[in-house]
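This is what each chain is made of:
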Amino acid sequence: MEKPLTEHIKNDGTPLSLKEYEAKGGYEGLKKALKMTPAEVLTVVKDSKLRGRGGAGFPTGMKWSFVPMGDNAPPVKYLVANGDEMEPGTFKDRLLIEGNPHQLIEGMIISAYTIGANMSYIFLRWAYHLAAKRVLAALDEAYKAGYLGKNILGSGYSLDMDLHTSVGRYICGEETALLNALEGKRANPRNKPPFPQVSGLFGKPTIVNNIETYCNIPHILAKGAEWYISISKSEGGGGTKLYGASGKVKNPAIWELPLGTTLGEIIEEHAGGMQDGYKLRGLLPGGASTDFLTPDHFNIKMDFEEVAKAGSRMGTGTIIVMDDKTCPVGMCLNLEQFFAQESCGWCTPCREGLPWTAKILLALEEGRGKPEDIDHLTFQTHYNAPGNTFCALAPGAMEPLQSALKYFREDFEEHIHTHQCKYKH
Amino acid sequence: MAKIYVDNIEYEVPDGKNMLEACTSLGLDLPYFCWHPKMHSVGACRQCAVMSYRDENDTRGRITMACMLDANDGTRISINAQPAKDFRAGNIESLMINHPHDCAVCDEGGECHLQDMTVMSGHNYRRYRFQKRTHNNQDLGPFINHEMNRCIQCYRCVRFYNDYAGGGDFGVFASSGRVYFGRSEEGTLESEFSGNLVEVCPTGVFTDKTLHKHYTRKWDLTSAPSICQGCSVGCNILTSERYGKLRRVMTRFNGDVNGYFLCDRGRFGYEYVNDEQRLTRAAQKDQNSGTDAFSAMKDHLASNPKLIGIGSPRASLESNFLLKQLVGADNFYNGVSAIENEVVNEVLNVLVKGNVRTPSLAEIETYDTVFVLGEDVTNTSPMIALALRQAAKNLPKEKAFALKIQHWNDAAIREVVQDEKGPFYLATPYATKLEEIATSSVHGNTKSLVQLSSKVADLISKGGDHQEDNDFAYRVANALTLSKKPLIVSGCGMMSKEIIRCAANIAGALRNAGKEVGVVFSVPEVNSLGMALLGSAGSLDDAILQTEKESGMTSIVLETDLFFRTNSQKANSFFEHSGKTILIDSLENNSTPNADFILPAGTFAESSGTMINNEGRAQRFYQVFKPNNDIKSSWAWLDMLMHQAEKERNFDAIVEEMANSVNAFQPISGLAPHADFRIGTQKIPRASHRFSGRTSMNADVNVHEPKPPVDEDSPLSFTMEGYHGKAPSSDIPFFWSPGWNSVQSINKYQIEVGGPLHGGNPGIRLIEPSESGVSSFEVNDGSADNGKIEALPSWFIFGSGELTAKSQAIMKRIEPAIISVSSATLKNSGIEGNGKITINSGEQKLTLPYKVDENVPAGVVLIPYGLADTMGITFPIYGNISMD
């Protein structure tokens, strides 16, 4: 089984130096790309069926193709790596940055070359201090080796790359809010259209991709689109995916597996199943803002299509497991309090609806629930549905709640009728 | 045009609109908060949700915000579909969860957009059972009250204050449900336009602090259409009264003038109307008052004394006209200094004789390149500055439109524009606030600015490309030459005729080069241009000379405090040499003790009349109430004096006489409906149909119901009786429509939202350029006073206005009178250390504290205009400075 993204990451906890990275074939993809035209690189990426790894799964090549190119294109364009990774339960990008920062840098250089950007930023979660340190060291090495800066490897192409560490808001993971934050503005999302490819950072054409997405690029260039598709088990996209699991499983971790590995295989084989004495009641397949799935879904493939068919989203692919001794209402409360706190306060449903939702869940947990509360929670899941709110934060926040109301409704009812949470006793 | 479908009904709407604009323009009721016709869409509040459908076969539809949906051909929505209605009700419910239940004690109550939208959206039962979030409020200064608990986070305030008006001391803080709008620390709001927060805020977060001092609900106010008298721009305002006190001033929408906004001088400078220093009785010095005093005046005039009249740029056209008729054209003088008279006449001269059009205030926003010469418009004509701030965004916005971003997509446009402004150039005697948005600016004395601007005009006339030269004049000339629609802005602020001509010459050169150029002049007062058009035998200085030459004349002084207009020596000389003096004015001032007779004049609140603004636009203002004392419109007193009558003629008769005798004023007779205008048989009521207490307001004095006062001069009535539909656009006393109690009801009075009023925006332009007009006026470079210090006025929005400075809230904002001077100038004059300095020209002498300001050009000192310590100074002064 091929693991292009993680196979070279060392076990001793130190990152690959530039030399080590080069020894493992690092920057070969870049060298190959620089001999191609940007349009040719774009074709390879399109052919690879790479889909964005940040959660939405948008085809990467198609996203890039919306950037204006050619002589009439705006002279200033930007490329941004979204390393905000504040989705609860998600820690895959951290592994990639801390373990192999050059892989990210190489991926970004190739991507920037493809869209004709000469400035790029790595937007990093505030708490990722170690990752920040390692990115800075790797940037330094890359500049010295001529992979960044003016006239990269004699190609005539120039690119600068900077690290921007966030001040720590979940909304900064939303790409347009991220761009506002990067500009020094309030991290409120922007309306689309215009899309960032047309008016992004400082109003210039901009591509924002997830860290993991960029890390795929060097390998696609080095080994080709056909190879990339061949290592996937999914119909809808190529490559491998970093899957993870947290919760009361025997072996909580991150694994690089073919895209489309079944949920059951990830939980049973790689995570080692549940810890003794615990049963799996439900799981969030791709971070906190995805709908619950249940053991009934173990046979579905963890890819964008099949998870969607099952009523959830693959999201970041990092699974949060809920066991039978954890209160689903309490878990929802925990999540909704997080989302309510992280709302930017721009649009009404999110700003007002999420705190109200959290207050109701707290009331349920504290035995103050009322029979009409379930209807009201259901109302909130509709009120905050996609399209009703300004961005995807609130609809995402509603996904665990709406599915919990579906799968664990009896728990909500019991809290109301017994005026207590049985899991606390 | 685009064909759209709303609830399966087909409509045609103009291209380029969003669906909220389109629906609102069609007269459909769709609730909203964050959208504003002047600030457009950002999609924050989610209140204008509708169902949108792909086509006629789409039966499911999806919730979409109308404000963010293009009104394209085939756009199909439903306002009434149940899911949309449910969503909007739920959205209001969410907005209300933290909103205090304090409508009964909230100043916004009764004209609250949130109240209206709550009713319209159908939310009426409270399900939220948890605690409300609360905020601390801030003291934002004397104008604005802050009550953050009422906030529904529509972001309009910050979008107006920062994005639209360019403010920097106000913002949005925190996130999630704790979002807070205010200042980083408590303190007075610095923007000259802060008062607009009162109208921009859809609920009671920002309310009028001056109204609060004598609060009255909107429905209990008697209101009238009026014209702001704070500067020469002539913004349209609504005045409101109850119990004989003027309670507040609000914006009266006029799409050609001020649109939705006012400056703080205009909004809060009304309080002098209620001042204890008001003259309320006709009086004869040391003798009679009331009718007897007036009889004595008539008797005196019946003896046919030789008369001299002092007119006023703050009095109405009618009053000045009648004074001129009464005293005779040869004896009618303009009550301003010789230099001010000369400069204002020059403005009229270049507007009438030149070949360049002066745009309306609203049109100023449409120009793409601006050069401001000599004028501190932020302080002399604040609303021009606000319009210029919009003009400075025009070219940068083109980049956004090139990306196919819609004109209404405000946040997206601002994202592309970033901080780009202009081209916008300033050449002024000192650093003005517009430098925040300037591409480049220079400061200089009169001579250097005359030279600079002459060079600019010269370069434009010569044509060609001067891009290689980085000199300021070249850069300005290049920018103006490259522009499609350049605008030259100047005014009387430097009291220089040459500056006016230079501005006209630049504009003329651009006109000759085929540009769609405009030229704007700020003039000192509300009716300065009207006075110039009316014409006079000379200035106040001339009048004083005349009385000194021929003492013993009876002087009639109309709304002029001589001590404000000239130094006390000259003013005293005037009164000493006059025989009897009849003074017609509204407030006690330094001139009143010198009068033999006093006639109490109505301010804009108690009188009606016509004013001509800096654009040459004649505009009508109406009295809002009949005071319970001797106060009358000045023209009424003058008419009675002239005709030895007990009662003045009807206002229309006077306007008719004026229109017939002054050619330029001919169109004014059609400015507004005449007094006999009726809708059906009814007059237009100044009070709302909910007005309470009409029959009992006087009950503490007399239980008999008094006969309501009759307005013989206009189609308006003083009570709530009358026609409650829409009045003609010039005569709208307040904005209201069923279900729309707030200022947002303006929508219902417009042909399309943000567009002109039904029946056209009121006002008539009296001055238009001719193609064969002059493009160049002779300029004298003014080098006569070589080697002397030039003292120029510095202007203050709060303080430089004679009457507004007597308003309590404004008084709190007036800065002390301090001379500004650069250290180089001080050094050259051998001045060191702290203390006061004296500027002496021989003729004028003034001693004041000073402060060092390195932006003031060498050889120039700045003296605040019109403050208590500096009134009566005639600028410019050429002299020397010394330590006191």
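This structure is a prediction, so every number in the text was calculated from the model and none was measured.

A.B. asks: Hey, could you run me through the sheet that holds strand β25 (residues 617-621) of chain B in this one?
C.D. replies: Strands pair in a sheet through their backbones, by hydrogen bonds, and they do so in one of two ways: parallel or antiparallel. Residue and element names in this part refer to chain B. Taken in spatial order, the 3 strands make up an open sheet running β24-β25-β28, and their pairing is antiparallel. In the strand order of this sheet, the two ends are held by β24 (609-612) and β28 (764-765), each with one partner. In the sheet, β24 pairs with β25 via 4 bridges, with the strands oriented antiparallel. Paired with Gly-609 across the bridge in β25 is Phe-621.

A.B. asks: I tried to follow unusual backbone geometry on my own but got confused; where do I start?
C.D. replies: Glycine aside, the phi torsion of most residues is negative, and most peptide linkages are trans. Residue Pro-194 of chain A follows Pro-193 of chain A across a cis peptide bond; omega there is 0°. The residue Pro-194 of chain A is located in the loop between α8 (175-182) and β4 (206-210) in this model. Note the cis peptide between Gly-422 of chain B and Pro-423 of chain B, where omega equals 10°. A positive phi is found at Tyr-243 of chain B, a non-glycine position, where the angle reads about 50°. Of note, Glu-559 of chain B is a non-glycine position whose phi angle comes to about 40°, a positive value. Assignment of secondary structure puts Glu-559 of chain B in the loop between β21 (554-558) and α21 (562-565). Classification of Glu-559 of chain B by relative accessible area gives buried; the value is 9%.

A.B. asks: Any chance you could explain the interface of chain B and chain A here in plain terms?
C.D. replies: Where interface size is given, it is often the accessible area lost as the parts come together that is meant. Taken together, the contact pairs 38 residues of chain B with 42 residues of chain A. For the pair chain B and chain A, the summed buried surface comes to about 3100 Å²; carbon and sulfur atoms form 52% of the total. Where chain B packs against chain A, one counts 3 salt bridges. A salt bridge links Glu-415 of chain B to Lys-185 of chain A, with the shortest nitrogen-to-oxygen separation between them at 2.9 Å. Along the contact surface separating chain B from chain A lie 26 residue pairs in polar contact (both at pLDDT 80 or more). Contributing elements (two or more residues each) for the side of chain B that touches chain A: β4 (62-65), α2 (82-96), β7 (171-173) and α15 (410-417) of chain B.

A.B. asks: Before we go on, may I ask you to explain the nonpolar core in this structure?
C.D. replies: Where a protein is soluble and globular, its nonpolar side chains tend to be buried together. Of all hydrophobic cores here, the largest spans 198 residues; its most connected members are Phe-412 of chain A together with Phe-181 and Leu-388 of chain B. When near neighbours in sequence (up to four residues on either side) are disregarded, Phe-412 of chain A contacts Val-329, Cys-332, Leu-361, Leu-364, Ile-374, Leu-377, Leu-401, Ala-404 and Leu-405 of chain A. Counting 115 residues, the second-largest nonpolar core is a separate cluster that includes Met-297, Leu-480, Leu-641 and Ile-877 of chain B.

A.B. asks: Hey, could you run me through the pairing of strand β32 (residues 845-852) of chain B in this one?
C.D. replies: Walk down a regular strand and you will see the side chains alternate between the two sheet faces. All names here are of chain B. Pairing analysis gives 3 bridges linking strand β30 (residues 819-821) to β32, with the strands arranged parallel. Bridge assignment links Ile-819 to a residue of β32, and that residue is Tyr-850. Pairing of strand β31 (residues 836-840) with β32, which is carried by 5 bridges, proceeds in the antiparallel orientation. Across the sheet, Thr-838 pairs through a bridge with Thr-847, a residue of β32. Turn length for the β31-β32 hairpin, with the two strands adjacent in sequence and antiparallel, is 4 residues, and the turn residue Gly-842 shows positive phi of about 90°.

Reading the values: the criteria
Residues numbered from 1 in each chain as written. Chains lettered and ligands numbered in written order. Predicted model: local features only at pLDDT ≥ 70, side-chain atom pairs only at ≥ 80, totals over all residues. Heavy atoms only, no water. Pairing = 2+ DSSP bridges. Helix = DSSP H or I, 4+ residues; strand = E, 2+ residues; numbered from the N terminus. Buried < 20%, exposed > 50% of the residue type's maximum accessible area, 1.4 Å probe, protein only. Contact = heavy atoms within 4.5 Å. Buried area = accessible area lost by both parts, 1.4 Å probe. Salt bridge = Lys/Arg side-chain N within 4 Å of Asp/Glu carboxyl O. Polar contact = N/O pair within 3.5 Å; in protein donor to acceptor, adjacent residues only side chain to side chain. Core = buried A, V, L, I, M, F, W, Y, C linked by side-chain atoms within 4.5 Å.

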